[in-house]
Amino acid sequence: MEANKQNGGVFINGKAQIIEMLKFMNSEERATLLKNIQMRNPTLAKELYAESITFDTIYALDEIDLNQVVKFIKAPVIGVALKECEKSFQKKVLTILPREAAEEAYSYLVKNLGANEARDIQRARKRVTDTIVALNNRGRLSL
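Residues numbered from 1 in each chain as written. Predicted model: local features only at pLDDT ≥ 70, side-chain atom pairs only at ≥ 80, totals over all residues. Heavy atoms only, no water.

## Some points on the overall build of the protein chain
Here is step 1: Counting secondary structure elements, the protein chain contains eight helices and two strands.
Here is step 2: Its C-alpha atoms give the protein chain principal-axis dimensions of roughly 60 × 35 × 25 Å.
Here is step 3: When each of the 143 residues of the protein chain is scored for burial, the buried share is 34%.
Here is step 4: Taking the intrachain contacts of the protein chain between residues at least 6 apart in sequence as the baseline, contacts between residues at least 24 apart amount to 67%.
Here is step 5: Here the protein chain displays about 9,700 Å² of accessible surface, and carbon together with sulfur accounts for 51% of that area.
Here is step 6: Mean positive and mean negative side-chain charge positions of the protein chain (22 and 18 charges, respectively) differ by 3 Å. (Helix = DSSP H or I, 4+ residues; strand = E, 2+ residues; numbered from the N terminus. Buried < 20%, exposed > 50% of the residue type's maximum accessible area, 1.4 Å probe, protein only. Contact = heavy atoms within 4.5 Å. Areas by Shrake-Rupley, 256 points an atom, 1.4 Å probe, with all protein chains shown as cover. Lys, Arg positive; Asp, Glu negative; His and termini not counted. Charge placed at Lys NZ, Arg CZ, Asp CG, Glu CD.)

Structure follows, in structure tokens:
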């Protein structure tokens, strides 16, 4: 929070707080809230949805959209991002990739990244999330 110099009050960024709340809600709660906001302000609802996308959004993508996403991410990043995902989802993503890319991603998936592994996973997942947001903004995904 920062002080508002005009009236000596406190400035609170409501949009940022809503985005943070949306990131922690389950998909059903998020959909309900966004639907209610969309009735009053469709532009704001679209913006909030785009900003509230997290890595977990990838689980909701169908195979066509997932294929779009992995086209724009390098295989090592995919492999690291998948490290803490369920085995069935890892397999789903790896089967979408061309064989050579899948092998490279798998090598990073099973590789020990050392002391910085948690940080590297978060950075890789951020890259995936940023790609999903960018593709959504361009209308190339059907979220």
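## Regarding the packing of helix α1 (residues 14–24) against helix α3 (residues 42–51)
Here is step 1: Contact pair α1 / α3: the axes reach a minimum separation of 9 Å and the direction vectors enclose 55 degrees. In terms of axis orientation, α1 runs oblique to α3. The handedness of the crossing between α1 and α3 is right-handed. Two secondary-structure elements touch here, α1 through Lys-15, Ile-18, Ile-19, Leu-22 and Lys-23 and α3 through Leu-44, Glu-47, Leu-48 and Glu-51.
Here is step 2: Counted by class, the contact of α1 with α3 contains five nonpolar, no polar and four charged residues. (Axes fitted to C-alpha atoms, helices over the stretch in contact; angles between N-to-C directions. Parallel < 35°, antiparallel > 145°, perpendicular 65-115°, else oblique. Left-handed = near helix turned anticlockwise from the far one by under 90°. Nonpolar A, V, L, I, M, F, W, Y, C, P; charged D, E, K, R; others polar.)

## Quick look at the packing of helix α4 (residues 63–71) against helix α6 (residues 87–96)
Here is step 1: Contact geometry of α4 with α6 gives a least axis separation of 10 Å together with a crossing angle of 70 degrees. Here α6 runs roughly perpendicular to α4, going by the angle between their axes. Where α4 crosses over α6, the two elements pack in a sense that is right-handed. Residue-level inspection shows Glu-63, Leu-66, Asn-67 and Val-70 of α4 in contact with α6, the latter providing Phe-89, Lys-92, Val-93 and Ile-96.
Here is step 2: Among the residues forming the contact of α4 with α6, the class breakdown is five nonpolar, one polar and two charged.

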